[in-house]
Amino acid sequence: MPIPFKGFVGKDFRPPEIYTQTEYLASKVDAWCLGWSTFYMLVAQPLFHSCEESAMDPDWAMFQRGNVSQLFEEKGWSSSLSVEAQDFILGLMQLQPEERMSIQDALMHP
């Protein structure tokens, strides 16, 4: 059930829907944050710094355009992430909340 917007979560890993300041599904926000945090823990670098449009983060722009392979390659991350890890992270970080992997599915992911 969507909840009203009541403020921001952690700065770097806020999902795009938080910036619309409208109702959102907390579990889908959590899923996004889990994907971003998993990436950070595995690579020891942020995937991008902000998906807020005014930040003009070039890594976010590349991610948003769907150029994830190119982003991973340019940052040297492609060889450090297994196919399963990439699938897990990207499943949790789908731009559209309704397309994101659920937390329950994440628990079952290989």
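Residues numbered from 1 in each chain as written. Predicted model: local features only at pLDDT ≥ 70, side-chain atom pairs only at ≥ 80, totals over all residues. Heavy atoms only, no water.

A word on the packing of aromatic side chains. All chains considered together, the criterion is met by ten aromatic pairs. Plain terms: the ring middles of W32 and W60 are 6.2 Å apart, the flat faces sit at 70° to each other, and that makes the pair edge-to-face. Of this pair, W32 sits in helix 1 (residues 26-43) while W60 sits in helix 2 (residues 58-64), and the two are 28 residues apart along the sequence. Look at F72 and W77: their rings are 6.3 Å apart centre to centre, the planes differ by 70°, and that puts the pair in the edge-to-face class. Put simply, the rings of W32, F48, W60 and F63 touch in pairs and so form one group of aromatic residues. (Phe/Tyr/Trp six-rings, centres within 6.5 Å; stacked < 30°, edge-to-face > 60°. Helix = DSSP H or I, 4+ residues; strand = E, 2+ residues; numbered from the N terminus.)

To continue, consider the environment of E99. In this fold, E99 is placed in the loop between helix 4 (83-92) and helix 5 (103-108). Sequence separation between E99 and K28 is 71 residues, and the spatial gap between their C-alpha atoms is 9.3 Å. Dropping the residues within four chain positions of it, E99 is found in contact with G91 and Q94. (Contact = heavy atoms within 4.5 Å.)

A word on the confidence of the model for the chain. With 88% of its residues at a pLDDT of at least 70, the chain reaches an overall mean of 84. The spread of mean pLDDT over the elements of the chain runs between helix 3 (residues 68-75), the lowest at 85, and helix 5, the highest at 95. (pLDDT = per-residue confidence, 0-100.)

The next subject is the nonpolar core. Of all hydrophobic cores here, the largest spans 19 residues; its most connected members are F39, L47, F48, F63 and M93. In terms of residues, this core owes the most to one element, helix 1, which gives four residues. Setting aside anything within four residues of it in sequence, one finds L47 in contact with W36, F39, D59, F63, L71, F72, W77 and M93. Counting residues in hydrophobic clusters, the runner-up holds five residues, among them A31, L92, M101 and A106. (Core = buried A, V, L, I, M, F, W, Y, C linked by side-chain atoms within 4.5 Å. Buried < 20%, exposed > 50% of the residue type's maximum accessible area, 1.4 Å probe, protein only.)

On to helix 1, then. The end-to-end C-alpha distance of helix 1 is 26 Å, a good match for the 26 Å that 18 residues give at a rise of 1.5 Å each. Turning to helix 1, its buried residues are K28, V29, A31, W32, C33, G35, W36, T38, F39 and V43. Those residues of helix 1 hidden inside the fold are in contact with helix 2, helix 3, helix 4 and helix 5. A44 lies just past helix 1 and shows a positive phi near 65°. (Expected span 1.5 Å × (residues − 1).)

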